[in-house]
Structure formats: structure tokens, C-alpha cells
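# Residue-level structure breakdown
Single-letter residue listing:
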Amino acid sequence: MKRDYFSRLSLWARWYLSKKEAAEVLEDYREIIDGRSEEELRRDIGRPKDAVCCLVQPAVYQRWLKVFAVLSAAVLIPAVSPLLHHRLFWWNIPYAVNQIPEAMLLAVWILSFLWFRQNGGRTAAFPKAVLLWMLVPAAGMVWAWYIASAALYQLTVLRDYLIQHPLLGQGIHLTLLWSGLAMGLISLLGLIKARLGDRRWRALYVFGLTGTLLNLSVWAFLTSMNLDVHPGWQTPILIRCISITVLGLAGTAVSLC
């Protein structure tokens, strides 16, 4: 359904302006817009985007763009880079990112929390759609943990089974690739919704990023060329997966506040 003029104006105001400025602008425009047709508003005010852009403070908006670029890159790089590596085998970015997933998750979680705490809005009612969207990253994380546990503690059985059923190995690989991308895109959705609406959508961003980084770690482990199997070899990999999961769940819980 097509949004009305004020709804579109609200979206642009919340994207371009700070929380306080957007609230003031929308309050002023509400009186101007009330009772007037779309044609009159476009003639006298212009498009909703144009009406907002003339009020933008470039320095303030550029700060938001920088934060948005950092937070977007933090989730899109681990989500997309395995797909590129699948086609360009010299593309080593996913393995580089997998060296610092906990530090990356913590830094991005803190940045998103502090930014939206100061610049984000919050409605009286909790946005229940956040929890519904979280089901997708939750399913992706369960799948990643299932594959990781099979590879870590039933490696011989898994290897023999994959030799007998080679298509299964390709299927596991593809599901990890595409579930990582899906979780990354849903995480980005949470980031955008946190700017346009309730800041508690940032929880979806953190949770989706957690699933993406966990998925990347499992994928990197399965596709690495390290064949050194010795007593306790599973420990570092297991610790990494647990650290990502626990840190991400903690960040998600805090971001719901």
C-alpha cells in the first residue's frame, strides 16, 4: 500500500535528521499538511524528501553516514566475502575477518549501542516484529552449531559419510554461504529500522551480526587447509564459537533496552 505524504515525510525526516530535529520538524509539518491533498502539498512544499533535505545540517548527517558505513561494512563483509571467495580463491578477506570476530563484534556492539542510545528514538510499545525477525538468525546459528559439533566431535564419521555422499558436502557449504548472507541482510535491516523507528531494532542488528560471524567461523574452519589433528585440537575452535555466541547474546539483550 502506498504511503501517504506525511508517512513518507516522517521516514525521510528520521533518516536525515537527528531524533530531536525530526520530532520538531514533523510537529511543524503536521499542522501544514493536515487536510490538504497530495497535489497541493507537492505544489507548495515539494516532494517529502526535498522538504526534509533543505533542513539537513551537513555535519550532523555526515556523522550518521560515517557510523552507518562502519556498522554496515562490519556485517556485510563477513556476510558477502565467503561468496566472493567461492568464486575468487585468492580472496582471503573472510579468513582475515575470522581472526578477530570477537573483537569486531564487541566494538560494533558498543558503537551501535552508544550511537542509538544518544541519537535513537524509543516508542512506548515494544516492537514485537524484532523478535519475529530474530527467528531467522536463530535458525542460522542453530545450523552453524550443528555443523560445528559434527565436524569437531564426529569428524571421522562425517568425513566417511561425505565421501559416500559428495553432494551433501556441497549442500552444507552452500547453506553456510547463503545463510550467512541472509543473516547479514537481516542484520542490516535491523540497523536501518533502528534509525527510522525504535532504537531497540539495534538488537536485531547485533543478533544478525552474531549469527553472521558464527557462520563465518564455522565456514572458515571447514574450508581451511589445516589438517593438523591432535589431542585437544577442537578447543580453540570451540572457544571461538562459544565466545561469539555468548558475546552476541549479551549484546543483543543489552540492545533491547
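Structure: above.
Residues numbered from 1 in each chain as written. Predicted model: local features only at pLDDT ≥ 70, side-chain atom pairs only at ≥ 80, totals over all residues. Heavy atoms only, no water.

The helix and strand inventory of the protein stands at 13 helices and zero strands. The linear arrangement of helices and strands in the protein, starting from the amino end, is α-α-α-α-α-α-α-α-α-α-α-α-α. On the principal axes, the C-alpha backbone points of the protein span a range of 70 × 35 × 30 Å. The proportion of buried residues among the 257 residues of the protein is 44%. Long-range pairs, those at least 24 residues apart, make up 83% of the contacts in the protein between residues at least 6 apart in sequence. (Helix = DSSP H or I, 4+ residues; strand = E, 2+ residues; numbered from the N terminus. Buried < 20%, exposed > 50% of the residue type's maximum accessible area, 1.4 Å probe, protein only. Contact = heavy atoms within 4.5 Å.)

The subject of this paragraph is helix 7 (residues 101-119). Here helix 7 spans 26 Å end to end across 19 residues, near enough to the 27 Å set by a 1.5 Å rise per residue. For helix 7, every residue scored as buried is listed here: Pro 101, Met 104, Leu 105, Val 108, Trp 109, Ser 112, Phe 113, Trp 115 and Phe 116. (Expected span 1.5 Å × (residues − 1).)

Sizing a probe to match a water molecule and rolling it over the atoms shows the empty space that remains. Evaluation of the coordinates by the stated rule reveals one cavity of 30 Å³ or more. Looking at the largest cavity, its volume works out to about 50 Å³. Taken together, Pro 78, Ala 79, Pro 82, Leu 176, Leu 177, Gly 180, Thr 212, Asn 215, Leu 216 and Trp 219 make up the full set of residues lining the largest cavity. Secondary-structure elements contributing two or more residues to the lining of the largest cavity are helix 5 (58-87), helix 11 (166-196) and helix 12 (202-223). A class-by-class count of the residues in the lining of the largest cavity yields seven nonpolar, three polar and no charged. (1 Å grid on protein atoms, 1.4 Å probe; cavity = no way out; pocket = protein on both sides within 12 Å on 5 of 7 lines; lining within 4 Å. Points joined across faces, edges and corners; volume = space filled by probe spheres on them. Nonpolar A, V, L, I, M, F, W, Y, C, P; charged D, E, K, R; others polar.)

It is worth spelling out the nonpolar core at this point. Among the nonpolar cores identified, the biggest contains 64 residues, and Leu 9, Leu 17, Trp 64 and Tyr 205 are the most heavily contacted of them. Not counting the four nearest positions on each side in its chain, Trp 64 is found in contact with Trp 15, Trp 115, Phe 116 and Arg 195. (Core = buried A, V, L, I, M, F, W, Y, C linked by side-chain atoms within 4.5 Å.)

Pairs of aromatic rings are described using the distance from one ring centre to the other and the angle between the two planes. Enumeration according to the criterion identifies nine aromatic pairs in this entry. Pairing Trp 15 with Phe 68 gives two aromatic rings, centres 5.3 Å apart and planes at 85 degrees, and the pair type is edge-to-face. Residue Trp 15 is found in helix 1 (residues 5-16), and its partner Phe 68 is found in helix 5; the two are separated by 53 residues along the sequence. Taken as a pair, Trp 15 and Phe 68 share a single burial class, namely buried. Consider the rings of Tyr 16 and Tyr 61, whose centres lie 4.8 Å apart with planes at 40 degrees: the pair is tilted. With Tyr 16 in helix 1 and Tyr 61 in helix 5, the pair connects residues that are 45 residues apart, well separated along the chain. Taking the relative accessible area as the measure of exposure, Tyr 61 reaches 14% and is therefore buried. (Phe/Tyr/Trp six-rings, centres within 6.5 Å; stacked < 30°, edge-to-face > 60°.)

These results come straight from atomic positions and should not be treated as a statement about function.
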